[in-house]
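Single-letter residue listing:
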Amino acid sequence: MVLPHPLPLVPAPVSATAGEGRMPVTAAIRVAGDSPAVPQLIDAVERRTGIRLAQAEAPAEITLRIDPAVAASEGYTLSVGETAEIVGADEAGLFYGVQTLLQLLREDEDGSWSLRQADVSDAPRFPRRGVMLDVARHFFGVDDVKRFIDAASALKLNHLHLHLSDDQGWRIEIASWPLLTERAGATAAGGDPGGFYTKDDYREIVAYAASRHMIVIPEIDLPGHTHAIGVAYPELVEAPVLNDELIAESARLGQPLPVAGEPYLGWGVGHSSVRIHEARAYDFVRDVVRELAKLTPGPYLHVGGDESLGTPQADFDLFAERVTAIVVEAGKTPVAWHEMGSAPGIAEGTVGQYWGRTTPEGTHAEEAARFVERGGALILSPSNTAYLDMKYAEDFPLGLAWAGVIDVRTAYEWEPTAVLDVPDAAILGVEAPLWSETTRTLAEVERLAFPRAAAQAEIAWSPRESPERTWESFRARLGAMAPLWKAEGIDFHPSAEITWSDR
Ligand code: ACM
């Protein structure tokens, strides 16, 4: 049963009941609690309303506290009546309760502000709710990444995967191989300026993400998508393999073909590979993994594995086994795109990221299943529903369309446990990747990511059996996000599938 007027909450909570009235929000309202979520709430209310609430000792009109008994990890309860209280199971739960409270905040006809009265009880369906930003095809600086973290974490997404290297550029300082950033950091797709993160920049991103309860997963894409490594260290990378599709696609786009040792600014794929039989290639991988692991408090390190189209299968499998073992030696859990599941001896516990279609093709399902056989688990990123860089419509000016055209409804209507033939418990959750071939600014990233990231957030957070997990309910609730996103300066795409609220 779909409620006629669901509370305007995205993602839909486990349970929510709406009260009749509203709690006025004025400068007289005080917020009490011993948590970083208190100033985060005060700042967000001010950005939205111009009203600065006061931080105070309890008793106060809005109280935040932690009680692990209230919900599962990351969960919370929220009640708004004459006063408001958020009880988090932990700090993350408190932060998510604050995001829900902010969605109950509305401007009334007379310009005053109030909170809709409600009781909410909530906790996530999946522990893994992610978004990926490709900072390799186009580079996005620390402040842009922070803004992306703000927008994503407000949807209760809790992992940020940064795609730090690709054919077009290398984006992270590695002290033991300094030419990576010196020679391969300055370029980007289309001849645009590149950039890279110093270790301090990267630490700043990781700390900022942690303050919004997001874990950063760094990815170095290997053994393919490595042309830029060869610009810095030619001896590590094979000569480009020019397949027919690359030649045809490059001609269609008017992009030059890759040339060994020279920057590649097109976006053809599948032509590059590190030299799998060179001992020095593993010195390189070991050093990069060691330095990245040191910068990474989170448990995961992503080693790529997609689209090594010119690499002989036996070589690819050998590399997959070696690179995942190197990550384990460095004390981290490897994550890899599903192709690495072709390797029988991939390190035990490796997490696979499935990017095939919602109806798997070719060997994709078998490759994904291997991660589960090896004691690992899966993240679902089906390219025909969860990819944020596909166009909303054929004529949308940004994005690509190779995996399909993904309107908001298509992004919303898929189920993570129905894609692969693996036990439900093997599905860690969902990640929505944004590849940046066509996005040159953060505003362009936002136009592709929002509102579709909200669809993926709901799929990952909300109970499958919730009466609100329907397109009609989502569509109505999503429309209510507009004033909040506008107040936060998020350049979302105002898709005509949605009726967007003014206030
Ligand atoms: C991918 O889209 N190549 C993972």
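Residues numbered from 1 in each chain as written. Predicted model: local features only at pLDDT ≥ 70, side-chain atom pairs only at ≥ 80, totals over all residues. Heavy atoms only, no water.

J.: Just checking my understanding: could you explain the overall build of the protein for this structure?
T.: The helix and strand tally for the protein stands at 15 helices and 18 strands. Its C-alpha atoms give the protein a radius of gyration of 23 Å, within 12% of the compact-globule value 23 Å for 503 residues. Seen along its three principal axes, the alpha-carbon backbone of the protein occupies a region of about 70 × 45 × 45 Å. Taken across its 503 residues, the protein has 60% of its residues classed as buried. Contacts in the protein between residues at least 24 apart in sequence constitute 74% of all its contacts with a sequence separation of at least 6. Looking at the protein, you have 42 positive and 74 negative side-chain charges, and the mean spots of the two groups are 3 Å apart. (Helix = DSSP H or I, 4+ residues; strand = E, 2+ residues; numbered from the N terminus. Rg over C-alpha atoms; globule rule 2.2 N^0.38 Å. Buried < 20%, exposed > 50% of the residue type's maximum accessible area, 1.4 Å probe, protein only. Contact = heavy atoms within 4.5 Å. Lys, Arg positive; Asp, Glu negative; His and termini not counted. Charge placed at Lys NZ, Arg CZ, Asp CG, Glu CD.)

J.: What's the story with the sheet that holds strand β10 (residues 159-163) in this structure? I'm lost.
T.: Strand order in the closed barrel formed by eight strands is β9-β10-β13-β14-β15-β16-β17-β18, with parallel pairing between adjacent strands. Neighbour-to-neighbour, the strand axes of this sheet turn through a mean angle of 30°, independent of strand direction. Where strand β15 (residues 333-337) meets strand β16 (residues 351-354), three bridges bridge the pair, whose relative direction is parallel. Looking at the pairing, Val335 lines up with Val351 of β16. Lying over the sheet, helix α8 (residues 279-295) contacts β13 (215-222) and β14 (300-304), oriented at roughly 170° with respect to β13. (Pairing = 2+ DSSP bridges. Axes fitted to C-alpha atoms, helices over the stretch in contact; angles between N-to-C directions.)

J.: What am I meant to see in the packing of aromatic side chains here?
T.: The description of two aromatic rings rests on the distance between their centres and on the angle between their planes. Within this structure, the stated rule accounts for 20 aromatic pairs. With 5.8 Å between their ring centres and 65° between their planes, Phe450 and Trp485 make a pair best called edge-to-face. Placement of Phe450 in the loop between α12 (442-449) and α13 (452-461) and of Trp485 in helix α15 (residues 482-487) is noted, with a sequence separation of 35 residues between them. Trp485 carries the same exposure label as Phe450, and that label is buried. The ring of Tyr282 carries Arg322 above its face, with NZ or CZ at 4.7 Å from the centroid. Its end group placed over the ring of Tyr392, Arg452 keeps NZ or CZ at 3.7 Å from the ring centre. (Phe/Tyr/Trp six-rings, centres within 6.5 Å; stacked < 30°, edge-to-face > 60°. Lys NZ or Arg CZ within 6 Å of the ring centre and 35° of its normal.)

J.: Help me out: how do you make sense of the pattern of salt bridges in this one?
T.: A side chain of one charge can pair with a side chain of the opposite charge if their charged atoms are brought near each other. Here the structure, examined in full by the defined rule, presents 29 salt bridges. Residues Arg440 and Asp192 are paired through a salt bridge, measuring 2.6 Å at the closest nitrogen-oxygen approach. With Arg440 in the loop between β18 (427-434) and α12 and Asp192 in the loop between α4 (179-184) and α5 (199-211), this pair connects stretches of sequence that are 248 residues apart. Judged by its relative accessible area of 53%, Arg440 falls in the exposed class. The buried category is assigned to Asp192, whose relative accessible area is 13%. Among the ionic pairs, Arg464 bridges to Glu415, the shortest N-O distance being 3.6 Å. (Salt bridge = Lys/Arg side-chain N within 4 Å of Asp/Glu carboxyl O.)

J.: Help me out: how do you make sense of the packing of α8 against helix α9 (residues 313-329) in this one?
T.: Pairs of packed helices are described in terms of their axes, by the angle between the two and the distance that separates them. The N-to-C vectors of α8 and α9 enclose an angle of 35°; their axes lie 9 Å apart at closest approach. Between α8 and α9 lies a crossing whose hand is right-handed. Together, Tyr282, Val285, Arg286 and Val289 of α8 and Phe319, Arg322, Val323, Ile326, Val327 and Glu329 of α9 make up the contact between the two elements. Residues of the contact of α8 with α9, tallied by class, amount to seven nonpolar, no polar and three charged. (Left-handed = near helix turned anticlockwise from the far one by under 90°. Nonpolar A, V, L, I, M, F, W, Y, C, P; charged D, E, K, R; others polar.)

J.: Explain the environment of Arg147 here, please?
T.: Along the chain, Arg147 turns up in helix α3 (residues 142-153). Residue class for Arg147 comes out partly exposed when judged on its relative accessible area of 35%. A C-alpha to C-alpha distance of 35 Å links Arg147 and Ala369, two positions 222 residues apart in sequence. In this structure the side chain of Arg147 is engaged in a polar contact, spanning 3.0 Å, whose partner is the backbone oxygen of Gly489. (Polar contact = N/O pair within 3.5 Å; in protein donor to acceptor, adjacent residues only side chain to side chain.)

J.: Explain the packing of helix α1 (residues 37-49) against helix α2 (residues 91-103) here, please?
T.: Two elements in contact, α1 and α2, have axes separated by 10 Å at closest approach and are oriented at 20°. Accordingly, the angle class assigned to the pair α1 and α2 is roughly parallel. In this structure, α1 meets α2 at a crossing whose hand is right-handed. Here Ala37, Gln40, Leu41, Ala44, Val45 and Arg48 of α1 lie close against α2, whose contacting residues are Leu94, Phe95, Val98, Leu101 and Leu102. For the contact of α1 with α2, the class distribution of residues is nine nonpolar, one polar and one charged. (Parallel < 35°, antiparallel > 145°, perpendicular 65-115°, else oblique.)

J.: Looking at this structure, how should I read the side chain of Glu458?
T.: Within the secondary structure, Glu458 is located in helix α13. A polar atom in the side chain of Glu458 sits 2.8 Å from the side chain of Arg477.

J.: How should I be thinking about the environment of Val327 in this particular structure?
T.: Checked against the element boundaries, Val327 lands in helix α9. Sequence-distant contacts of Val327, that is, excluding residues within four places in its chain, are made with Val289, Leu301, Val303, Lys332, Thr333 and Pro334.

J.: What exactly am I supposed to notice about the side chain of Thr100 here?
T.: In this fold, Thr100 is placed in helix α2. If near-sequence neighbours (up to four positions away) are discounted, Thr100 is found in contact with Leu9, Tyr76, Leu78, Val120 and Lys156.

J.: What is the right way to look at α2 in this model?
T.: Note that an α-helix has 3.6 residues per turn; residues three or four places apart therefore point the same way. Taking 1.5 Å of rise per residue, the 13 residues of α2 would be expected to cover 18 Å, and the 19 Å separating its terminal C-alpha atoms lies within 8% of that figure. In terms of burial, α2 is a largely internal element, 12 of the 13 residues being buried. The complete set of buried residues in α2 reads Ala92, Gly93, Leu94, Phe95, Tyr96, Gly97, Val98, Gln99, Thr100, Leu101, Leu102 and Gln103. (Expected span 1.5 Å × (residues − 1).)

J.: Any chance you could explain the environment of Pro423 here in plain terms?
T.: Here Pro423 shows up in the loop between α11 (408-412) and β18. Pro423 sits in the exposed class, given a relative accessible area of 52%.

J.: I'm lost on unusual backbone geometry in this one. Help?
T.: Following Val10, the chain continues into Pro11 via a peptide bond in cis, with omega recorded as 0°. Inspection of the secondary structure puts Pro11 in the segment before β1 (15-25). A cis geometry characterises the amide bond from Ala58 onward to Pro59, with omega recorded as -5°. Here Pro59 lies in the loop between β3 (54-56) and β4 (62-66). Of note in the backbone geometry, Glu74 takes a positive phi value of approximately 75° without being a glycine. Looking at the element boundaries, Glu74 is found in the loop between β4 and β5 (76-80). The residue His213 is not glycine, and still its phi comes out positive at about 60°. Along the polypeptide, His213 turns up in the loop between α5 and β13. A relative accessible area of 24% means that His213 is categorised as partly exposed.

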